[in-house]
Amino acid sequence: MILIGRLNKFPMSPSVNACYINARRGRVSSPQLNAFKVNAMVWAVQNKPHLADLRQEIEPYLATHKICLDFKFKFQKKKLWAKKDQKPKKLDASNRIKAAEDKVCDLLDFDDRYVYRVIAEKIEGAVEEFDVFVYAY
């Protein structure tokens, strides 16, 4: 695999269960999903030069390679580990992929149909955020 680039300290995406709510007109984006989209755009503005460089780096690979997104979801230690005699909290990394993948692809200006592999890992962090590594293979 060829590392194309990395996005650091991206705001945490909501779980897929919290992305949509039922309304009279059908399913609509939830407040959590809307807040994530706003936070992601703020992050994008703060990282505009890096995003522009990464867009240029990824472009040549789209026609000849498959793309892999490797997500490192950071959760606070107290949420990752349960105390004695307590059930661990349900922090599914896989539950957060779709919203994160959609936003990363949107910011990097390529269709997620090019993504053939997704890797997700939960790790300990000071704040809830994620890093994503973009590979071509």
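Provided above is the structure to which this section pertains.
Residues numbered from 1 in each chain as written. Predicted model: local features only at pLDDT ≥ 70, side-chain atom pairs only at ≥ 80, totals over all residues. Heavy atoms only, no water.

## Some remarks on the sheet that holds strand β4 (residues 67-75)
1) Next: Strand order across the open sheet formed by four strands is β1-β6-β4-β5, with mixed pairing between neighbours. Sheet topology places β1 (2-11) and β5 (115-124) at the edges, where each strand pairs with a single neighbour. Neighbouring strand axes in the sheet, compared pairwise and without regard to direction, differ in orientation by 15° on average.
2) Next: Looking at chain direction, β4 and strand β6 (residues 129-136) are connected through eight bridges and run antiparallel. Paired with F71 across the strands is V132, a residue of β6.
3) Next: The sheet strands contacting helix α2 (residues 48-62) are β1, β4 and β6, and the helix crosses β1 at an angle near 145°.
4) Next: With respect to the sheet, helix α4 (residues 97-108) is in contact with β1, β4, β5 and β6, its orientation differing from that of β4 by roughly 125°. (Pairing = 2+ DSSP bridges. Helix = DSSP H or I, 4+ residues; strand = E, 2+ residues; numbered from the N terminus. Axes fitted to C-alpha atoms, helices over the stretch in contact; angles between N-to-C directions. Contact = heavy atoms within 4.5 Å.)

## A word on the nonpolar core
1) Next: I67, F71 and F73 are the most contacted members of the largest nonpolar core, which has 33 residues in total.
2) Next: Of all the elements in the fold, those that place two or more residues in this core are β1, α1 (31-46), α2, β4, α4 and β6.
3) Next: Of the residues forming this core, the biggest block, seven residues, is contributed by α4. (Core = buried A, V, L, I, M, F, W, Y, C linked by side-chain atoms within 4.5 Å. Buried < 20%, exposed > 50% of the residue type's maximum accessible area, 1.4 Å probe, protein only.)

## Regarding the side chain of S13
1) Next: Examined against the element boundaries, S13 turns out to sit in the loop between β1 and β2 (20-23).
2) Next: Setting aside residues no more than four positions away along its own chain, S13 makes contact with F36, F73, R96, A99, A100 and F130.

## Quick look at the side chain of D70
1) Next: Structurally, D70 is set in strand β4.
2) Next: Given a relative accessible area of 8%, D70 falls into the buried group.
3) Next: A distance of 3.4 Å separates the side chain of D70 from the side chain of K72, its partner in a polar contact.
4) Next: In contact with D70, not counting residues within four places along its chain, are I119, D131, V132, F133 and Y135. (Polar contact = N/O pair within 3.5 Å; in protein donor to acceptor, adjacent residues only side chain to side chain.)

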